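Close look at the chain arrangement
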Amino acid sequence: MSEITLRNVSKIYGSDDAAVNNINLDIKDGEFMVLLGPSGCGKSTTLRMIAGLESITAGDIFIDGKLINDIDPAERDLAIVFQNYALYPHMNVAANLAFGLKLRKVPKDQIESRILKTANTLGISELLTRRPRELSGGQQQRVALGRAMVREPVAFLFDEPLSNLDAKLRATMRTELVKLHNDLGTTIIHVTHDQVEAMTMGDRICIMRKGIIEQVGKPLEVYRNPANIFVAGFLASPPMNLIEGSFEQEGDSLKIEVSGITLTIPAHFANAYGNVHSRKDVILGIRPEDIYTDSNDGRYTCMETQVVAVEALGPETIMVVKLPGGKEISARLDRSFRAPIGSALKLYADIERMHLFDPETEKAIVAR
Amino acid sequence: MNTRAASGLERGDRRFGLMLTAPGLAVLFLVIIFPLLFALITSFFDYTLINPNHDTFVGLDNYQEVLDEEYILTSLWVTLKFVLASVMIEFAIGFSVALALNSVTRFKNFYYLILLAPLLINPVVVGLLWRMILHTELGIANYAISLMNIDPVNWLGNANAAFWTVVMVDIWHQFSFMAILLLAGLASLPREPYEAARVDGASSFSCFIHITLPLMRPVIIVALLLRFVFAIKTFDIVFIMTKGGPGTATDIISYFIYRAAFFGLDIGRASAMSIALLLIVLALTIYLYRYMTSLR
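Residues numbered from 1 in each chain as written. Chains lettered and ligands numbered in written order. Predicted model: local features only at pLDDT ≥ 70, side-chain atom pairs only at ≥ 80, totals over all residues. Heavy atoms only, no water.

What follows is about the overall build of chain B. Helices and strands together make up the secondary structure of chain B, namely 12 helices and 0 strands. Listed N to C, the secondary structure of chain B is α-α-α-α-α-α-α-α-α-α-α-α in terms of helices and strands. Relative to the globule expectation of 19 Å for 296 residues, the C-alpha radius of gyration of chain B, 25 Å, shows a markedly less compact shape. Over its C-alpha atoms, taken along the principal directions, chain B stretches across nearly 90 × 75 × 35 Å. The long-range share in chain B, meaning contacts at least 24 apart out of those at least 6 apart in sequence, stands at 68%. As displayed, chain B has an accessible area near 17200 Å², and 70% of this comes from carbon and sulfur atoms. (Helix = DSSP H or I, 4+ residues; strand = E, 2+ residues; numbered from the N terminus. Rg over C-alpha atoms; globule rule 2.2 N^0.38 Å. Contact = heavy atoms within 4.5 Å. Areas by Shrake-Rupley, 256 points an atom, 1.4 Å probe, with all protein chains shown as cover.)

In structure tokens form, the structure reads like this:
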């Protein structure tokens, strides 16, 4: 059980740009924190600095208030699960699990009982005498997890442990990891580039890009209120539609003109936005699921569109349509909905749920 | 119909493959299989350089003679000592150098060059070079130690010194082979288990014992086997530097056979010894290989 705190942490390789640039993060005791971002965003480097596998160029990392910058990885009492599992290929499963305990001089009978308990929890009891190369990817993954668990560390560090599994197994392991976290209550830092993992597993997610933290928050909070264009475009699939437009004042009402469509911003919104009309350019964001085929008694705003592509996924239909101004957006529609490609289609946007971003700073203009 | 066409193609491919490999196979037969068979056959005949023909079949007499040979055991003992001493020391030095070089990033190619230089020299030249370096009166070795007020050493003339001198020269010449082979093995080891071990609480030393050594086992087997076989057939440096002497101090088996053939002029007996040596080496190699792979 432990709190992990990062204060102004940076990592610079050679003379290059910072891989991690002055980040601050507080991970609470028992929390499942997901570090999410595209490859090269610094999430793995951050994890490796916490583990002690990378030196820290600047800043401090604390575990339970204790500065660990210069403490050997062996003494941090963390356990890490690697993307490719990093099992010891020449040892059988039991020896893989026992290795860390033996090095820590845990008594033999205790080692045995802990291995058996862990193997039972993970359902790998039958594999104990096998070598890693005789195991499937999923089994290796469990062994790697077991090797981390058996040590009973103060926190688990997961470095994309699910990314080498096939889609079905990945979904199963997601649920199992969450269950495991509920049972053990140990702090977990989980690095991934998969936003589904982030949304489903994390107590909180920390979205990173180019070495900086873009946003930290509960999954649904971040999903509902992305702090900037990057987060808006990164979370969910298909991501939020982002359309360049400009404000126009027409009498009392404030309008936005985007790709040939004029949207009237509801009065209470216009007030909430405050001085936004002083800016001319704006980026409007609307999620595909906030676009409908009916007007909801005129409450939604009508858009004349043309169908570009139809992706019938089964549980839903993703419709890619072109706005009058040429911009293509996607809409998440009912699974039975069909329209021929090239045909004209009236869609309705729930602009109560729209997001506005400043094109210069890329930040959300108003966080709701 | 399709399958027939395919098998026709396959036959054509096979014929083409045979044609491509035929010259190589022919050379291989001429320089390896033929001499081997010739030696095998000759070992059953009274074939001497005075009377070089296969007229007198003597059965296993040549082999019997080898067993009765007075000095053969001495020579085998010298060979064993030489092989064990040089291969083991080469392994120790080679592994240390490989470990050191594996963690070096700058000037790596430069170190490679230095390391490989002795290996590129012909063994006869190595022998000549060292004979000059180690010359009792004129050699630079004795001059160098005289600067430290150490009495000159009769490197190749003293029975005890000569053996270790030959071993030392062989190590100088061959250890880089071991180093390069082991270095290639080290470079190809996966990085992840080390990181896992560090987080698991392993020191550098326990990483070496529990991860490097076991993972390197296949490479170590190959390196030891190769050097082991090469060392048994060492000939050039002994021929150049000591001619087996002084006394029998450096009379290793290859030189012993050479003397039987070209001083004793008894090709039949020399062939019998060669075949016996081949069988011994083969048996040892198979045994060692089986033993070491069974550890995996």
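So much for the structure itself; the text now carries on.
For chain A, the count of helices and strands is 9 helices and 20 strands. C-alpha atoms of chain A, sized along the principal axes, occupy 80 × 45 × 35 Å. By residue count, 53% of the 368 residues in chain A fall in the buried class. In chain A, 65% of the contacts between residues at least 6 apart in sequence involve partners at least 24 apart. In the structure as shown, chain A presents an accessible area of about 16700 Å², 47% of it carried by carbon and sulfur atoms. (Buried < 20%, exposed > 50% of the residue type's maximum accessible area, 1.4 Å probe, protein only.)

To continue, consider the packing of aromatic side chains. Tallied over the full model, the rule gives 22 aromatic pairs over all chains. Taking 5.4 Å as the distance between ring centres and 20° as the angle between the ring planes, the aromatic pair formed by Phe230(A) and Phe234(A) counts as stacked. Here Phe234(A) and Phe230(A) lie together in helix 8 (residues 229-234), a separation of 4 residues that amounts to about one turn. The pair formed by Phe230(A) and Phe234(A) is uniform in burial state, with each residue classed as buried. Residues Phe110(B) and Tyr111(B) carry aromatic rings whose centres are separated by 6.1 Å and whose planes lie at 55° to one another, so their mutual orientation is tilted. Accessibility expressed as a relative area gives 33% for Tyr111(B), which makes it partly exposed. The ring of Phe239(B) is capped by Lys243(B), whose NZ or CZ atom sits 4.2 Å from the centre of that ring. (Phe/Tyr/Trp six-rings, centres within 6.5 Å; stacked < 30°, edge-to-face > 60°. Lys NZ or Arg CZ within 6 Å of the ring centre and 35° of its normal.)

Right, let's talk about the interface of chain B and chain A for a bit. Of the residues lining the interface, 17 residues belong to chain B; the matching set on chain A comes to 23 residues. Summing both sides of the interface, chain B and chain A together bury roughly 1700 Å²; the carbon and sulfur share of this comes to 61%. The interface formed by chain B and chain A includes 2 salt bridges. As a salt-bridge pair, Asp200(B) and Arg151(A) come within 2.9 Å of each other at their nearest N and O atoms. There are 9 residue pairs in polar contact (both at pLDDT 80 or more) connecting chain B and chain A. Going through the elements one at a time, helix 8 (192-200) and helix 9 (204-232) of chain B are the ones with two or more residues in the side of chain B that touches chain A. Here the side of chain B that touches chain A takes 8 residues from helix 8 of chain B, the largest share from any one element. Classifying every residue of the side of chain B that touches chain A by side-chain character gives 8 nonpolar, 3 polar and 6 charged. (Buried area = accessible area lost by both parts, 1.4 Å probe. Salt bridge = Lys/Arg side-chain N within 4 Å of Asp/Glu carboxyl O. Polar contact = N/O pair within 3.5 Å; in protein donor to acceptor, adjacent residues only side chain to side chain. Nonpolar A, V, L, I, M, F, W, Y, C, P; charged D, E, K, R; others polar.)

Many authors give the size of an interface as the accessible area that is lost as the parts come together. Residue and element names in this part refer to chain A. According to the domain assignment, chain A consists of domain 1 (4-234) and domain 2 (241-357). Taking only C-alpha atoms, the centre of domain 1 and the centre of domain 2 are 39 Å apart. Each partner contributes to the interface: domain 1 provides 7 residues, whereas domain 2 provides 6 residues. Buried surface at the junction of domain 1 and domain 2, summed over both partners, amounts to about 620 Å²; 64% is from carbon and sulfur atoms. For domain 1, the biggest contributors to the area lost against domain 2 are Tyr223, Ile229 and Ala232; these three give 71% of the whole. Where domain 1 touches domain 2, the interface holds 0 salt bridges. Applying the counting criterion to the domain 1 and domain 2 interface returns 2 residue pairs in polar contact (both at pLDDT 80 or more). Of all the secondary structure elements, the ones that give two or more residues to the side of domain 1 that touches domain 2 are helix 7 (219-224) and helix 8. The biggest single contributor to the side of domain 1 that touches domain 2 is helix 8, with 3 residues. Classifying every residue of the side of domain 1 that touches domain 2 by side-chain character gives 4 nonpolar, 2 polar and 1 charged. (Domains from an automatic or database assignment.)

Moving on, we come to the sheet that holds strand 2 (residues 18-27) of chain A. All names here are of chain A. Taken in spatial order, the 4 strands line up as 2-1-4-5 in an open sheet, and their pairing is antiparallel. Both outer strands of the open sheet, strand 2 and strand 5 (66-67), are each paired with one neighbouring strand and no more. Bridge count between strand 1 (residues 4-12) and strand 4 (residues 58-63): 5 bridges; the pairing is antiparallel. In the sheet register, Ser10 faces strand 4, and the bridge partner there is Ala58. Sheet strands in contact with helix 1 (residues 43-51) are strand 1, strand 2 and strand 4, and its direction is about 115° off that of strand 1. (Pairing = 2+ DSSP bridges. Axes fitted to C-alpha atoms, helices over the stretch in contact; angles between N-to-C directions.)

With the rule as written, the count across this model stands at 24 salt bridges over all chains. When the shortest N-O distance is used, the salt bridge between Asp77(A) and Arg151(A) registers 3.7 Å. Here the residue Asp77(A) occupies a position in the loop between strand 5 and strand 6 (78-81), and Arg151(A) occupies one in the loop between helix 4 (137-150) and strand 7 (155-159), the gap between them amounting to 74 residues. Judged by relative accessible area, which is 6%, Arg151(A) ranks as buried. The closest approach of N and O atoms between Glu65(B) and Arg269(B), which form a salt bridge, is 3.7 Å. Taken together, the residues span a long stretch of sequence, with Glu65(B) in helix 2 (residues 61-68) and Arg269(B) in helix 12 (residues 267-294) at a distance of 204 residues.

Residues and elements named next belong to chain A. Reading across the sheet, the 5 strands line up as 15-19-16-17-18 and stay open at both edges, with antiparallel pairing between neighbours. Looking along the sheet, the strands with just one partner apiece sit at the ends: strand 15 (291-292) and strand 18 (328-333). Where strand 15 and strand 19 (residues 344-349) come together, 2 bridges link them in antiparallel fashion. For Ile291, the partnering residue across the bridge sits in strand 19 and is Ala349.

Now for the confidence of the model for chain B. All names here are of chain B. The predicted model of chain B has a mean per-residue pLDDT of 86, with 97% of residues at 70 or higher. Ranking the elements of chain B by mean pLDDT puts helix 2 last with 82 and helix 3 (residues 72-102) first with 91. Under the prediction, the complex receives an ipTM of 0.77, its pTM being 0.77. (pLDDT = per-residue confidence, 0-100.)

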